[in-house]
Amino acid sequence: MSLLVVGLSHRSAPVSVLERASLSAEAQHKLLQDTVAAEPATEAAVLATCNRIELYADVDKFHAGVAELSTLLAQHSGVGLEELTPYLYVHYEDRAVHHLFSVACGLDSMVVGEGQILGQIKDSLARAQDLHTAGRLLNDLFQQALRVGKRAHSETGIDRAGQSLVTFGLEQLSAGADVQQWARDKKALVIGAGSMSSLAAATLARAGVAEIVVANRTFERAERLAQILSEGDDTDVLARAVPMDSVPLELTRADVAVSCTGATGLVLTADAVAAAVEGRPGAPAAGLDAGLDGGGPTVDAAGPTAVREGGETPLPGAGTDENCPLDLSSVPSGFSVMGEAAVAGMDAATLEQHGAWAAGGATVDRSREAGRPGAEADAELITALAATATRVGRIPERRRPEPVAEVPRPQPVLFLLDLAMPRDIDAAVHRLAGARLVDIESLADASADAPMAADVDMVRRIVGDEVAAFGAAQRAAHITPTVVALRSMAADVVAGEIARLEGRLPSLDDKHRAEITQTVKRVVDKLLHAPTVRVKQLAAEPGGAGYADALRTLFDLDPETVASVSRAENSTEKNRGPA
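Residues numbered from 1 in each chain as written. Predicted model: local features only at pLDDT ≥ 70, side-chain atom pairs only at ≥ 80, totals over all residues. Heavy atoms only, no water.

1. Considering the overall build of the chain
The test is simple: Each helix corresponds to a stretch of at least 4 residues labelled H or I by DSSP, and each strand to a stretch of at least 2 residues labelled E; elements are numbered beginning at the N terminus. The rule is simple: take the accessible area with a 1.4 Å probe, protein chains only, and divide by the maximum for that residue type; under 20% is buried, over 50% is exposed, in between is partly exposed. Contact criterion: two residues are considered in contact whenever any of their non-hydrogen atoms come within 4.5 Å of each other. Per-residue and other accessible areas follow the Shrake-Rupley method at a 1.4 Å probe size, with only the shown protein chains counted as cover for residues.
Secondary structure summary: the chain contains 23 helices and ten strands in total. Across the 579 residues of the chain, 46% fall into the buried class. A separation of at least 24 residues holds for 72% of the contacts in the chain among residues at least 6 apart in sequence. As presented, the chain carries roughly 28600 Å² of accessible surface, and 52% of it is formed by carbon and sulfur atoms.

Below, the structure is given as structure tokens:
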């Protein structure tokens, strides 16, 4: 076994890199085909989810395999190799098996214990089988990973260690409130009709939303999902399907929107969400939330003394408009004229005037300074500051910026959950007043503090046992072609000797010929039975790969015969249908 996996996930790369490196279905197909066409790899499978992209391959050379798989990932993801390399991880042989089994059990998921990954592993195997890029090794590996994942979920409480990504996302949207109480009687818009979107729709239906609208590029798939939701025995929800061009209108009616499509661009822009929020009861004025976009008091058109913090009281210490050295028309809205941002870029003389004005003191005569070169004024000011520092031991402080009160964020009227990678919803929606967005990046931050169940340790033990068993089975299977070739050679020897006997005893009747043939075969089988059983046992142990070579040498087996048996087995595996 020479299993190699090269990939990146939410544990190794920031979401921004994962987003750019995501692979479309077409790109995954091409990546598989190019991988098996490359010299080091004979089998390949791609596992691509919201938060991971991994390329599995059976390679004959480790270093060449790592270089080739890394290059192929970079080429098909569109992210340069130099940029991608720092985020890639590599696992080989038993460590690669351990990694996939851990992924299948939900130990490596963003939310520990989530079960959606099993369906994604099954889809990856089916894709590789359809393209005939999965041979004996990857078929065995992925099918065993599915069994290990199911065992972990059935024998332990790993499900209690974390929920599906959808459930976790809805909990984040509800800000800690009970999801069912939060979702009751809300109207939901689900964009996409794939596995993740379908799960989100079903979860919302069970949570008690009053209506679900499904939008998808293929309208028939949206209709099918809406029908399934309407006919569900455990829910009582009104569900209907709409085409994608109806999303802007439906968004104005929805309380909750979940999006998970395969689109390469944005499905919902910040402007579209702002338009959907505007005009709703309880909604703030359209635009970016001031508390998150610069923050702080704003400059009123009435002049510098009208700097407000929610009331009509001017900031203390402000001078008069005619004495202020600032051109207030150029000051960005949202910043205090007393703050550091207001004085950025001033020369020293203007800074002195501004400081005097802010402190309420006398104003430097700007007309007198206007005729002096800026460098000369700066030199004088520096000399004065140095003299003051020599006399009092420090440079005199100017007025500090007034503390800026944090503007409370209004309660959201539209909740959005983006489960797509790359993102479906513009990240700028995070700053929109009246909207709450939870996406893969914010889920990653929130899940870092998610509690771990004690059952995780039990799952890790299961994974360790299964990895050892899989390795033993693969090592035993590695010697099988040699054993088959040995038995084939023995059968040829028996057939040759029976033919020789018939030449020497032409009068031998059929009954006696059959009895002699059977006797010789029994003798050969008994002689070979113990050695072949024992060599399989030895080969299954760590370091047992050399027993196949020893068997070929001892019995002078034709290497091509052994290789032909191996190729026949691999061809059968590649043509196996989806599990």
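2. Some thoughts on the side chain of Q28
With respect to the element layout, Q28 can be found in helix 2 (residues 25-37). Residues within four places of Q28 in sequence aside, it is in contact with L23, V46, A48 and R127.

3. Details of the nonpolar core
The following threshold applies: By nonpolar core we mean a set of buried residues, namely Ala, Val, Leu, Ile, Met, Phe, Trp, Tyr and Cys, connected to one another through side-chain atoms within 4.5 Å.
Ranked by size, the top nonpolar core spans 67 residues in total, and within it L84, I212 and L419 carry the most contacts. Here the element with the most residues in this core is helix 11 (residues 195-207); it accounts for seven residues. Among the nonpolar cores identified, the runner-up in size contains 35 residues, and L47, A96, A152 and V456 belong to it.

4. Let's talk about the sheet that holds strand 6 (residues 211-216)
In sheet architecture, strand pairing relies on hydrogen bonds along the backbone and comes in two forms, parallel and antiparallel. Worth spelling out the cut-off: Criterion used throughout: strands pair if DSSP finds at least two bridges between them. To get an axis, a line is fitted to the C-alpha atoms, and for a helix only the part in contact is used. The angle between two axes follows their N-to-C directions and goes from 0 to 180 degrees.
Pairing in this open sheet of six strands is parallel, and the strands run 7-6-5-8-9-10 from one edge to the other. Of all the strands in the sheet, the pair left with one neighbour each is strand 7 (238-243) and strand 10 (435-438). Across the sheet, the axes of successive neighbouring strands diverge by a mean angle of 15°, strand direction being ignored. Strand direction decides the pairing type here: strand 5 (residues 187-191) and strand 8 (residues 256-259), joined by four bridges, are parallel. Residue pairing in the sheet places L189 in a bridge with A257 of strand 8. Across the sheet, helix 11 lies against strand 5, strand 6 and strand 8, angled at about 170° from strand 5, the strand it touches most. Contacts from helix 14 (residues 270-277) reach strand 9 (414-418) and strand 10, with the element oriented near 150° to strand 9.

5. Some details on the pattern of salt bridges
Between side chains of opposite charge, a pair can form when the charged atoms approach closely. What counts, and what does not: One side-chain nitrogen of Lys or Arg within 4 Å of one carboxyl oxygen of Asp or Glu is enough to make a salt bridge.
In total, this model carries 19 salt bridges according to the counting rule given. The partner of D525 in a salt bridge is R487, and the shortest N-O contact between them spans 3.7 Å. Placement of the pair is D525 in helix 21 (residues 510-540) and R487 in helix 20 (residues 455-504), with a sequence separation of 38 residues. Note on D525: relative accessible area 41%, which makes it partly exposed. Note that E502 is salt-bridged to R513, the shortest N-O span being 2.6 Å. Separated by eleven residues along the polypeptide, E502 in helix 20 and R513 in helix 21 bring together distant segments of the chain. The exposure class assigned to R513 is partly exposed, which follows from its relative accessible area of 22%. Here the salt bridges share partners, and the residues they tie into one network are R11, R52, E54 and D108.

6. Thoughts on the environment of A96
Following the sequence through the fold, A96 ends up in helix 5 (residues 94-104). The exposure class assigned to A96 is buried, which follows from its relative accessible area of 0%. Taking the C-alpha atoms as reference points, A96 and L3, separated by 93 residues in sequence, lie 6.6 Å from one another. Setting aside residues no more than four positions away along its own chain, A96 makes contact with L3, V5 and H91.

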